[in-house]
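Report on the structure
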Amino acid sequence: MSVKILLIEDNPDHVLITKDVLALASKDWQVDSLGDPKQGLKAVIDGDYDLVLCDYRLPGSSALDILKKMKEKGRDLPFIVVTSAGSEKVAVDIMKEGAYDYVVKDETYEEVLPLIVGNALERHNAKKEKERAEKELKIAYAKLKETQEMLIQVEKTEALSRMAAGVAHEVKNPLGIIIQAANYLETVLSQKDTNVFEILGTIKNSVKRADNIINGLVDFSRARELNLKPEEINVILKDSLVLIEYSKNIEIIEELSENLPRALVDKEKMRQVFTNLLLNAAQSMAKRGKLFLRTYVKEIDKLAGKIEKGNRDRFVPGEKVMVTEIEDTGIGIPEEDLRIVFDPFFTTRGPRDGAGLGLTIAKNIIDMHKGVIDIKSRKDEGTTVIVALKI
Amino acid sequence: MEKKKIMVVDDEVDFLKIVKLNLEETGKYEILALSSAKDIISHVNNFRPDLILLDIVMPVVGGIDACEMLNKDLLGKTIPIIIISALDKSRDKLKAYKKGVVDYIVKPIEKESLIIKIEKALQFK
Ligand SMILES: Nc1ncnc2c1ncn2[C@@H]1O[C@H](COP(=O)(O)OP(=O)(O)O)[C@@H](O)[C@H]1O
Ligand SMILES: [Mg+2]
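Residues numbered from 1 in each chain as written. Chains lettered and ligands numbered in written order. Predicted model: local features only at pLDDT ≥ 70, side-chain atom pairs only at ≥ 80, totals over all residues. Heavy atoms only, no water.

Moving on, we get to helix H8 (residues 267–284) of chain A. All names here are of chain A. Between the first and last C-alpha of H8 there are 26 Å, a value that for 18 residues agrees with the 26 Å anticipated at 1.5 Å per step. Of all the positions in H8, only Lys 269, Met 270, Arg 271, Val 273, Phe 274, Thr 275, Asn 276, Leu 277, Leu 278, Ala 281, Ala 282 and Ser 284 are classed as buried. For H8, the N-terminal cap is Asp 266; the gap from its side-chain oxygen to the backbone nitrogen of Glu 268 is 3.1 Å. (Helix = DSSP H or I, 4+ residues; strand = E, 2+ residues; numbered from the N terminus. Expected span 1.5 Å × (residues − 1). Buried < 20%, exposed > 50% of the residue type's maximum accessible area, 1.4 Å probe, protein only. Polar contact = N/O pair within 3.5 Å; in protein donor to acceptor, adjacent residues only side chain to side chain.)

Shown next as structure tokens:
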């Protein structure tokens, strides 16, 4: 394998001698020489040399200068200084600056130079090898660390879901007792005292409220792993619609695009999302109203009026997304609540109707799909929920 | 009309006591309350219930084990079982239905709903 050596030396005789010595020592060593220190430095920094052999005393400069500048530029090459006889002390100083070695121009020059060059190349290779090994070790370690963190994360979510299920069991048992006890008191206490009945009603409602929260928490903790398959969004939406009870006076208007591409989603989880959104819409229109269901494909940039900038930025500009809109003509959401409707446990409903986790779960699931969910609403006018998914 | 006999098995003695009171209060049922499923077979053969309400998570003999024991008993296998448990996972429900139970109730449940489920299950006999 050929090794490129740069010789910086202004004396033409010495150049010839050195080239001869090195050519004799190894066929693989190719020597270029430069007499001007400025050109020499440029070649050290920009060239592709494997080793530098530099005369100590150069016109208007020295090997020390070149070595320092090489180090400044972050070049790491084996650097050997050639000194004239009797100036070994200078060479020692240069070694301190980080030169690999030095060689004295005396009668031993021919014999010693090849040994020193060979030795420097060997040391340099060993050093590079060590650095490469260290780098590989670091990469391997980082990978290991990453995997470990991922495992911890999986372990954590599993532990969380196990814990939620455990807590649910422990809480539901006493709730079962309380509600049956309230039922018993209802039947045996005097019907005359209306306070008692009101209080028993409160007890039962509180039990249902606690039960709702526990159920929401379990759903929440379970909503982690995705089972992705190409699915028809229209079908999932219609399935979800069946699960909701509506007042007879709600008119449902379907504007579902035909021939939509399939979206890669978890069907059960998306059904959970739509069920929550449809339920919210139905609950916002207790008496009468219109429910619009829309699905279509559009470029993300063209959804500026519907999806916030921050959410749009989660897609590539020009990317086509699958949009589902659920619009109601219900009571709407006041401006000040819009920011917090996705917060866990935020609810404006009575304790029996909502745990305030519906939108939290919906957002969580949509996030897991790398999609976005946004709400536009005006108080007393209605609400539109927009879900955009990758296709 | 003769009272229907119901056996309730649950390690929560407070639950047991109150469910017993609630069901007896209707005048329609005779209740045997057991806080353990350990001797369930001999109790079934002595009491000869029309229906069993069975918890799942119980020390020593759990509800699913109790189902297996009942399924091996000549009389036991003829009696409809309703699970009444605080476990709410579909996996737990599936396990119970595979043992042939007729219904699975998750606690908490109100007395009225419980009675509707009991009446429905009694028709299985
Ligand atoms: N379509 C809607 N119309 C009006 N208000 C809504 C609508 N969807 C959500 N909200 C508001 O957001 C709150 C939180 O919703 P959600 O997270 O589903 O919890 P919950 O329905 O249990 O209250 C609701 O209580 C309600 O105030
Ligand atoms: Mg909701």
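From this point on, the discussion continues.
Here the focus is the sheet that holds strand S3 (residues 51–54) of chain B. Note on sheets: strands pair through backbone hydrogen bonds, and any given pair is parallel or antiparallel. All names here are of chain B. Taken together, the five strands give an open sheet; going across it, the order is S2-S1-S3-S4-S5, and neighbouring strands pair in parallel fashion. Looking along the sheet, the strands with just one partner apiece sit at the ends: strand S2 (29–34) and strand S5 (103–106). Neighbour-to-neighbour, the strand axes of the sheet open up by a mean angle of 20°, direction not taken into account. Relative to S5, strand S4 (residues 81–85) is paired through four bridges, and the arrangement is parallel. Bridge pairing in S5 places Ile 82 opposite Asp 103. Strands strand S1 (4–9), S2, S3 and S4 of the sheet are contacted by helix H1 (residues 13–25), whose axis makes an angle of about 175° with S2. Across the face of the sheet, helix H3 (residues 63–71) comes into contact with S3 and S4 while running at roughly 155° to S3. (Pairing = 2+ DSSP bridges. Axes fitted to C-alpha atoms, helices over the stretch in contact; angles between N-to-C directions. Contact = heavy atoms within 4.5 Å.)

Residue and element names in this part refer to chain A. Among the 18 residues in the neighbourhood of ligand 1, the closest are listed as Asn 280, Thr 347, Thr 348, Arg 349 and Leu 359. With respect to ligand 1, the side chain of Thr 347 contributes an N or O atom lying 2.6 Å from an oxygen atom. A distance of 2.8 Å separates an oxygen atom of ligand 1 from a polar side-chain atom of Arg 349. Calculation on ligand 1 without its partners gives an accessible area of 530 Å², and the protein chains cover 94% of this total. The site holding ligand 1 turns out to be the largest pocket. The set of elements that each furnish at least two residues to the shell around ligand 1 consists of H8 and helix H11 (358–368). By residue number, the principal contributor to the shell around ligand 1 is H8, which donates three residues. Here the residues of the shell around ligand 1 are counted per class, giving seven nonpolar, nine polar and two charged. (Near = heavy atom within 4 Å. Areas by Shrake-Rupley, 256 points an atom, 1.4 Å probe, with all protein chains shown as cover. 1 Å grid on protein atoms, 1.4 Å probe; cavity = no way out; pocket = protein on both sides within 12 Å on 5 of 7 lines; lining within 4 Å. Sits in = over half its atoms within 2 Å of the grid points. Nonpolar A, V, L, I, M, F, W, Y, C, P; charged D, E, K, R; others polar.)

Another aspect to go through is the sheet that holds strand S3 (residues 51–55) of chain A. Residue and element names in this part refer to chain A. Pairing is parallel across the open sheet formed by five strands, whose spatial order is S2-S1-S3-S6-S7. Edge positions in the sheet fall to strand S2 (29–34) and strand S7 (101–105), since each of these pairs with one other strand and no more. Strand-to-strand twist across the sheet, computed as the mean angle between neighbouring axes with direction ignored, equals 20°. Inspection of the sheet shows strand S1 (residues 3–8) paired to S2 by six bridges, in the parallel sense. Within the sheet, the bridge partner assigned to Val 3 lies in S2 and is Trp 29.

With that settled, the discussion passes to the pattern of salt bridges. One pass over the structure, following the stated rule, counts 35 salt bridges over all chains. For Asp266(A), the salt bridge is made with Lys269(A), and the minimal N-O distance between the two is 3.7 Å. The pair formed by Asp266(A) and Lys269(A) is uniform in burial state, with each residue classed as buried. Between Glu119(B) and Lys28(B) there is a salt bridge, with its nearest N and O atoms 3.9 Å apart. One end of the pair, Glu119(B), is in helix H5 (residues 111–122); the other, Lys28(B), is in the loop between H1 and S2, and 91 residues separate them in sequence. (Salt bridge = Lys/Arg side-chain N within 4 Å of Asp/Glu carboxyl O.)

Residue and element names in this part refer to chain A. Looking at the largest pocket, its volume works out to about 1100 Å³. Contributing to the lining of the largest pocket are 43 residues, with Asn 276, Leu 279, Asn 280, Gln 283 and Gly 358 lying nearest its centre. Breaking the lining of the largest pocket down by element, the ones donating at least two residues are helix H6 (194–222), H8, strand S12 (320–328), H11 and strand S14 (382–390). Here the lining of the largest pocket gets 11 residues from one element, more than from any other, and that element is H8. Here the residues of the lining of the largest pocket are counted per class, giving 17 nonpolar, 16 polar and 10 charged. No fewer than three residues from each of domain 2 (146–221) and domain 3 (229–390) sit in the lining of the largest pocket. (Points joined across faces, edges and corners; volume = space filled by probe spheres on them. Domains from an automatic or database assignment.)

Shape descriptors only; they carry no functional weight alone.
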